[in-house]
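Letter by letter, the chains look like this.
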Amino acid sequence: MNKKESEYFTLQKEIQELKKKRNALILAHLYQRPEVQDIADFTGDSLELSKQAAETEADVIVFCGVHFMAETAAILSPKKTVLLPEVDAGCPMADMVTAEQLRAKKKEYPDAVVVCYVNSSAEVKAESDICCTSANAVEIVRQVPADKRILFVPDKNLGHYVGLQAGREIICWEGYCNIHDRLSAGQLQKAKQAHPQALVLVHPECRPEVIALADRVFSTSGMIRFAKESDHNEFILGTESGILHKIQKSAPGKKYYMASDEMICPNMKATSLEKVKLSLEKLQTCITVPDEIRDKALNAVERMIVVI
Ligand code: 13P
Ligand code: SF4
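Reference entry: report on the structure contained in this document. (Residues numbered from 1 in each chain as written. Chains lettered and ligands numbered in written order. Predicted model: local features only at pLDDT ≥ 70, side-chain atom pairs only at ≥ 80, totals over all residues. Heavy atoms only, no water.)

Observations concerning the overall build of the protein
Piece 1. A count of helical and extended segments in the protein gives 14 helices and 12 strands.
Piece 2. Relative to the compact-globule value of 19 Å for 308 residues, the protein shows a C-alpha radius of gyration of 19 Å, a close match.
Piece 3. Along the first, second and third principal axes, the C-alpha set of the protein runs to 60 × 55 × 30 Å.
Piece 4. Counting only contacts in the protein whose residues sit at least 6 apart along the sequence, the fraction spanning at least 24 positions is 62%. (Helix = DSSP H or I, 4+ residues; strand = E, 2+ residues; numbered from the N terminus. Rg over C-alpha atoms; globule rule 2.2 N^0.38 Å. Contact = heavy atoms within 4.5 Å.)

Here's what the structure looks like:
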């Protein structure tokens, strides 16, 4: 064991002890650092983590992810203590729409159904009719009555993809994930030329021209399930690099190539083992949502959980 591994081992042991003492559940998104994913009780995509947060009997939920994820857990489980180990871990895309801006847009389209990507604030969820994640967005949009217009916030790329899949016209907000949106069609073409045997799996937060070059489009957990079940042995992945840790464990013996080396989300990488330990020791930072916002946001989030 090298020095770093032995430091991780000690921290992981300390975290396990604190976890028992606090009756805590540790959830980690698949974009987290490998050593953080390794101490989690559960790793997954946004949808799977929300479900875990809704169902747990633990007193404390430590959310290794970004702010909107912990906030969604607090909406679903208001009696639990929800901790975000790195309080500054936000999602730039979630910050691209505010409740005030959405209220103004709703005035332009008063009859539209507002579908909001879970990557949004509690205030924005409170202004929305139904929430979705990348794993269920197509299904959610298909449930919207055909005579209704749809206003989709904040991800224009996901909104565009969902519109095509569901055969619906969608009014898209102009937001985007600066990690997925930076993958260009040229970069993906290069990766395809370098690995002509590989199947291309991309996340729906990628640009339309990138999605057009892909063989399949999945949420992060969807990619892992597909790689595991597929007869193919080589994959090019168009998503955040954190996925490599779990996909290599879940479907070993296969080859994975990142579509670009630049797909690293600094917010997702801001959580470290030291910060997880500190959060359990000091019960920090506790994420809460005011009741009046929570009640309205819960409607949108619960509708999503009931549909899927
Ligand atoms: P999923 O977890 O739905 O795959 O979304 C990815 C993401 O960007 C989360 O921040
Ligand atoms: Fe937000 Fe993109 Fe980072 Fe996910 S990967 S937290 S959508 S910036």
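There's plenty left to go through after this.
Examining the site of ligand 2
Piece 1. Neighbouring residues of ligand 2: Tyr31, Val66, Cys91, Pro92, Met93, Asn119, Cys177, Asn178, Glu205, Cys265 and Met268.
Piece 2. The class makeup of the residues in the shell around ligand 2 is 8 nonpolar, 2 polar and 1 charged. (Near = heavy atom within 4 Å. Nonpolar A, V, L, I, M, F, W, Y, C, P; charged D, E, K, R; others polar.)

Section: the sheet that holds strand 4 (residues 81–83)
Piece 1. Pairing is parallel in the open sheet, where 4 strands are placed in the order 2-1-3-4. Each edge of the open sheet carries a strand with a single partner, namely strand 2 (42–44) and strand 4. Strand-to-strand twist of the sheet, defined as the mean angle between neighbouring strand axes without regard to direction, takes the value 20°.
Piece 2. As judged from the 5 bridges shared by strand 1 (residues 24–29) and strand 3 (residues 60–64), these two strands associate in the parallel manner. The residue bridging Ile26 from the neighbouring strand is Val62, located in strand 3. (Pairing = 2+ DSSP bridges. Axes fitted to C-alpha atoms, helices over the stretch in contact; angles between N-to-C directions.)

Quick look at the packing of aromatic side chains
Piece 1. Tallying each qualifying case throughout the model produces 3 aromatic pairs.
Piece 2. Look at Phe218 and Phe226: their rings are 5.2 Å apart centre to centre, the planes differ by 35°, and that puts the pair in the tilted class.
Piece 3. For Phe226, a relative accessible area of 16% gives the class buried.
Piece 4. Summarising the aromatic geometry, the rings of Phe235 and Tyr256 are spaced 5.8 Å apart at their centres and angled 15° between planes, so their arrangement reads as stacked. Here Phe235 is found in strand 11 (residues 234–238), whereas its partner Tyr256 is found in strand 12 (residues 255–258), with 21 residues between them in sequence. (Phe/Tyr/Trp six-rings, centres within 6.5 Å; stacked < 30°, edge-to-face > 60°. Buried < 20%, exposed > 50% of the residue type's maximum accessible area, 1.4 Å probe, protein only.)

Focus on helix 3 (residues 46–55)
Piece 1. Here helix 3 has its buried residues at Ser46, Leu47, Leu49, Ser50 and Ala53. Looking straight down helix 3, one finds that the buried residues subtend no more than 165° of arc, so they occupy a single side. (Arc of directions from axis to C-beta.)

A short note on the site of ligand 1
Piece 1. Around ligand 1 lies a shell of 13 residues, among which His29, Ser46, Ser134, His203 and Thr220 are the nearest.
Piece 2. Residue Ser46 places a main-chain N or O atom 2.8 Å away from an oxygen atom belonging to ligand 1.
Piece 3. Contacts to ligand 1 include Ser134, whose side-chain N or O atom sits 2.6 Å from an oxygen atom.
Piece 4. Contact with the protein chains covers 96% of the free accessible surface of ligand 1, which is 300 Å².
Piece 5. For the shell around ligand 1, the residue count by class is 4 nonpolar, 7 polar and 2 charged. (Polar contact = N/O pair within 3.5 Å; in protein donor to acceptor, adjacent residues only side chain to side chain. Areas by Shrake-Rupley, 256 points an atom, 1.4 Å probe, with all protein chains shown as cover.)

Let's talk about the pairing of strand 12
Looking along a regular strand, one sees side chains alternate from face to face of the sheet.
Piece 1. As defined by bridge partners, strand 11 adjoins strand 12 across 4 bridges and the pair is classed as parallel. Directly across from Glu234, in strand 12, lies its bridge partner Lys255.
Piece 2. The β-α-β motif built from strand 11, the intervening helix 12 (residues 243–250) and the parallel element strand 12 has right-handed crossover chirality. (Right-handed = clockwise from strand over helix to strand, strands pointing away.)

Here we look at the pattern of salt bridges
Piece 1. Within this structure, the stated rule accounts for 17 salt bridges.
Piece 2. The residue Glu14 makes a salt bridge to Lys277 at a minimum N-O spacing of 3.1 Å. With Glu14 in helix 1 (residues 3–22) and Lys277 in helix 13 (residues 273–282), this pair connects stretches of sequence that are 263 residues apart.
Piece 3. Between Lys19 and Asp41 there is a salt bridge, and its shortest N-O distance comes to 2.5 Å. On the criterion of sequence distance, the pair formed by Lys19 in helix 1 and Asp41 in the loop between helix 2 (34–39) and strand 2 is long-range, its members being 22 residues apart.
Piece 4. Look at Lys19 and you get buried, because its relative accessible area is 13%.
Piece 5. Owing to a relative accessible area of 37%, Asp41 belongs among the partly exposed residues under this scheme.
Piece 6. One network of salt bridges, in which partners are shared, links Glu14, Lys277 and Glu281. (Salt bridge = Lys/Arg side-chain N within 4 Å of Asp/Glu carboxyl O.)

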